Amino acid sequence: MELYLDTADREAAAPLLATGVFRGITTNPVILQRAGLGSDDVPAVHDWAVGHGAQVVFLQTWGATAEEMAGRGRRLAGLSERVVVKLPATLDGTTACAQLAAEGVPTLLTAAHTTAHAVLAGAAGARWVAPYVSKVDDDEGRAVDVVVAMHRALAGSGTAVLAASLRSLDAVGALAAAGVPAATIGTALAEELFTHPLTLDADRRFHEAAG
């Protein structure tokens, strides 16, 4: 499973990207807002992420119409070949996604909540679809099953699942075991990968034994 960081917080992301474990970052306007940033800061966030080793940078376009979304998406894609343009699974968002995908722009359909959304992303030519795992769980209580169904529905289509909005490492493990190819997690959850109490205890004992 490929792992990404769901953040625009450069201070929190820097040591995690430095591990070499995470392929890049995913952002959206809400994530930018939480980091005290806005749409004008997107190019700087992109440049920073690439400079810190991100192989892929997911940047979300916005607009009141499909034309506005597609236009901004083209500009975002122009930042570098590492950009994947995110669009919401709305009528306008999907229309813009299909336009960009037809032009060869890598795209992701986001805020997906059902297997039908995965089918929609595949039909639009998106490279990725991002189900909001915690939201699916709140709504239906069976998020892992829904996301695995998305993954199976897309087999051989050229569209892959990027599981987003994960609340636990158990969910990450369950999705990876089912073959879901990618997940994006917040920095706090990412840090938990390296701080399991038993691992830390073992590390302490290693140091003590080494003298």
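Residue indices follow the written sequence of each chain, beginning from 1 at its first position. pLDDT decides what is reported in this predicted model: residues at 70 or higher carry local features, side-chain atom pairs at 80 or more are listed and counted, and totals for whole chains, interfaces and linings draw on all residues regardless. Heavy atoms from the whole structure form the basis of all side-chain values; hydrogens and water molecules are not counted.

**Student:** When you look at the pattern of salt bridges in this model, what are you seeing that I'm missing?
**Tutor:** Pairing between side chains of opposite charge can happen when their charged atoms approach one another. Salt bridges are counted wherever a side-chain nitrogen of Lys or Arg sits within 4 Å of a carboxyl oxygen of Asp or Glu. Following the criterion strictly, the structure yields six salt bridges and no others. Note that Arg 72 is salt-bridged to Glu 68, the shortest N-O span being 3.9 Å. Of this pair, Arg 72 and Glu 68 are both found in helix 4 (residues 66–77), four residues apart, which corresponds to roughly one turn of the helix. For Arg 204, the salt bridge identified is with Asp 201, shortest N-O distance 2.5 Å. Of the two residues, Arg 204 and Asp 201 both sit in helix 11 (residues 197–210), three residues apart, roughly one turn of that helix. Three exposure classes are used, based on accessible area relative to the maximum for each residue type with a 1.4 Å probe and protein chains only: buried under 20%, partly exposed in between, and exposed over 50%. Look at Asp 201 and you get partly exposed, because its relative accessible area is 28%. Salt bridges linked by common partners bring Asp 201, Arg 204, Arg 205 and Glu 208 together as one network. A run of H or I in DSSP becomes a helix once it reaches four residues, and a run of E becomes a strand once it reaches two; helices and strands are each numbered from the N terminus.

**Student:** For this particular structure, what's the right way to read the sheet that holds strand 2 (residues 22–26)?
**Tutor:** Strands in a sheet are paired, the pairing made by backbone hydrogen bonds, and the direction either parallel or antiparallel. Being paired, for any two strands, means DSSP has found at least two bridges between them. Pairing within the closed barrel is parallel, and its eight strands lie in the order 1-2-3-4-5-6-7-8. If you compare each strand with its neighbour and ignore which way they point, the axes differ by 25° on average. Both strand 4 (residues 83–88) and strand 5 (residues 107–112) contribute to a ladder of four bridges, which runs parallel. Considered in strand 5, the bridge of Val 85 is made with Thr 107. Contacts are residue-level and defined by heavy atoms, with any inter-residue pair within 4.5 Å sufficient. Axis definition: a line fitted to C-alpha atoms, limited for helices to the stretch in contact. Angles are taken between N-to-C directions and run from 0 to 180 degrees. Lying on the sheet, helix 3 (residues 42–51) is in contact with strand 2, strand 3 (56–60) and strand 4; it crosses strand 3 at an angle near 165°.

**Student:** Teacher, can you tell me more about the packing of aromatic side chains here?
**Tutor:** Centre-to-centre distance and the angle between the planes together describe a pair of aromatic rings. Pairing of aromatic rings covers Phe, Tyr and the six-membered ring of Trp, with a centre-to-centre limit of 6.5 Å; geometry is then stacked below 30 degrees between planes, edge-to-face above 60, and tilted otherwise. Tallied over the entire structure, the rule returns two aromatic pairs. Aromatic pair Tyr 4 and Phe 58: ring centres 5.3 Å apart, planes at 90°, arrangement edge-to-face. Taken together, the positions of Tyr 4 in strand 1 (residues 2–6) and Phe 58 in strand 3 put the pair 54 residues apart, joining distant regions of the chain. Neither Tyr 4 nor Phe 58 differs from the other in exposure class; each is buried. A centroid spacing of 6.2 Å and a plane angle of 75° characterise the contact between Phe 58 and Trp 128, whose relative ring orientation is edge-to-face. Of the two residues, Phe 58 sits in strand 3 while Trp 128 sits in strand 6 (residues 128–131), which places them 70 residues apart along the sequence. Cluster of aromatic residues (ring-pair linked, three or more members): Tyr 4, Phe 58 and Trp 128.

**Student:** I'm lost on a nonpolar patch on the surface in this one. Help?
**Tutor:** Patch definition: residues with relative accessible area over 30% and no salt bridge; like charges joined within 9 Å; nonpolar side chains (Val, Leu, Ile, Met, Phe, Trp, Tyr) joined within 5 Å. Shrake-Rupley sampling with a 1.4 Å probe provides the accessible areas, and residues are treated as covered by the protein chains on show and by no other component. On the surface, Val 21, Leu 193 and Phe 194 cluster together into a nonpolar patch covering about 230 Å² of accessible area. Looking at the element boundaries, Phe 194 is found in the loop between helix 10 (187–192) and helix 11. Assessed through its relative accessible area of 39%, Phe 194 is described here as partly exposed.

**Student:** How do you make sense of the environment of Thr 107 when you look at a structure like this?
**Tutor:** Structurally, Thr 107 can be placed in strand 5. In this structure Thr 107 comes out as buried when scored by relative accessible area, which is 0%. Separated by 23 residues in sequence, Thr 107 and Val 84 have C-alpha atoms that sit 5.2 Å apart. Ignoring sequence-local partners within four residues, the contact set of Thr 107 consists of Val 84, Val 85, Leu 87, Cys 97, Leu 100, Ala 101, Gly 125, Ala 126, Arg 127 and Trp 128.

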